[in-house]
Each structure stands twice: as C-alpha cells, then as structure tokens.
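Listed here are the chains, written in short residue letters.
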Amino acid sequence: MNKYRIKHVAGLGYFPQVKVGFSCFSDIWKRIAYHGNNLYGLYDDDRHPMDTSNEAENLIRDYDASINATNNPTYKDFTL
C-alpha cells in the first residue's frame with residue numbers, strides 16, 4: 001500500500017506526493033503529476049503546484065486508483 005502526503009509551501013501551493021523509498025536519513029517522496037490519458041509521472045522537483053489541498057487530494061485519489069487498476073486488471077483490460 002502506498003503512502004501519500006500533501007506538501008504545502010506557503011506562497012506557492014500544494015504538492016501531492018507519494019513515498020517511493022527511504023535513505024539512511026529520511027524518506028524519499030516524489031511529486032505526482034498527471035499527463036492526461038490516465039498517465040502519471042513522478043518527479044523530484046517542486047514545480048507546478050496546485051492551488052488547493054482538495055485538488056491535490058483528488059490527484060492522489062486518481063493516481064492511487066490507476067495504480068490499483070494496473071495491479072489488478074479486469075477482463076476489459078486485456079487485449080488478445
């Protein structure tokens with residue numbers, strides 16, 4: 001199960017993030033970005049903030065749903 005957080009930077013905005021690992025000193029978090037057509041990317045930088053925490057929550061929810069759909073495909077997801 002993935003761990004998520006919303007990083008808030010005052011004066012900039014909200015950054016939806018997913019935990020992708022850890023180092024000896026801290027956890028490693030990546031920013032989630034949506035590229036359209038149900039494609040997502042994970043990034044180290046804090047670019048393209050969201051205006052509200054609700055927008056960030058919705059992106060996390062959509063990202064998590066896409067990961068679950070990929071890991072648990074239905075018969076409709078298979079092409080023969």
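Analysis parameters
- Residues numbered from 1 in each chain as written.
- Predicted model: local features only at pLDDT ≥ 70, side-chain atom pairs only at ≥ 80, totals over all residues.
- Heavy atoms only, no water.
- Helix = DSSP H or I, 4+ residues; strand = E, 2+ residues; numbered from the N terminus.
- Buried < 20%, exposed > 50% of the residue type's maximum accessible area, 1.4 Å probe, protein only.
- Pairing = 2+ DSSP bridges.
- Core = buried A, V, L, I, M, F, W, Y, C linked by side-chain atoms within 4.5 Å.
- Contact = heavy atoms within 4.5 Å.

### Observations regarding unusual backbone geometry
Phi at Asn37 is positive, roughly 55°, even though this residue is not glycine. Here Asn37 is to be found in the loop between β3 (27-36) and β4 (39-43). Looking at Asn37, the relative accessible area reads 72%, which means it is exposed. Of note, His48 is a non-glycine position whose phi angle comes to about 55°, a positive value. Positionally, His48 belongs in the loop between β4 and α1 (53-71).

### Examining the pairing of strand β1 (residues 4-9)
Working note: regular strand, side chains alternate between the two faces of the sheet. Both β1 and strand β2 (residues 13-22) contribute to a ladder of six bridges, which runs antiparallel. Directly across from Val9, in β2, lies its bridge partner Gly13. Here β1 hands over to β2 after three residues, with Gly11 in that stretch at a positive phi of 85°.

### Some remarks on the nonpolar core
Within the largest apolar cluster, five residues are counted, these being Val18, Ile32, Leu59, Ile60 and Tyr63. In contact with Val18, not counting residues within four places along its chain, are Asn2, Lys3, Tyr4, Ile28, Trp29, Lys30, Ile32, Leu42 and Tyr63.

Function-wise, these values are silent; they only describe arrangement.
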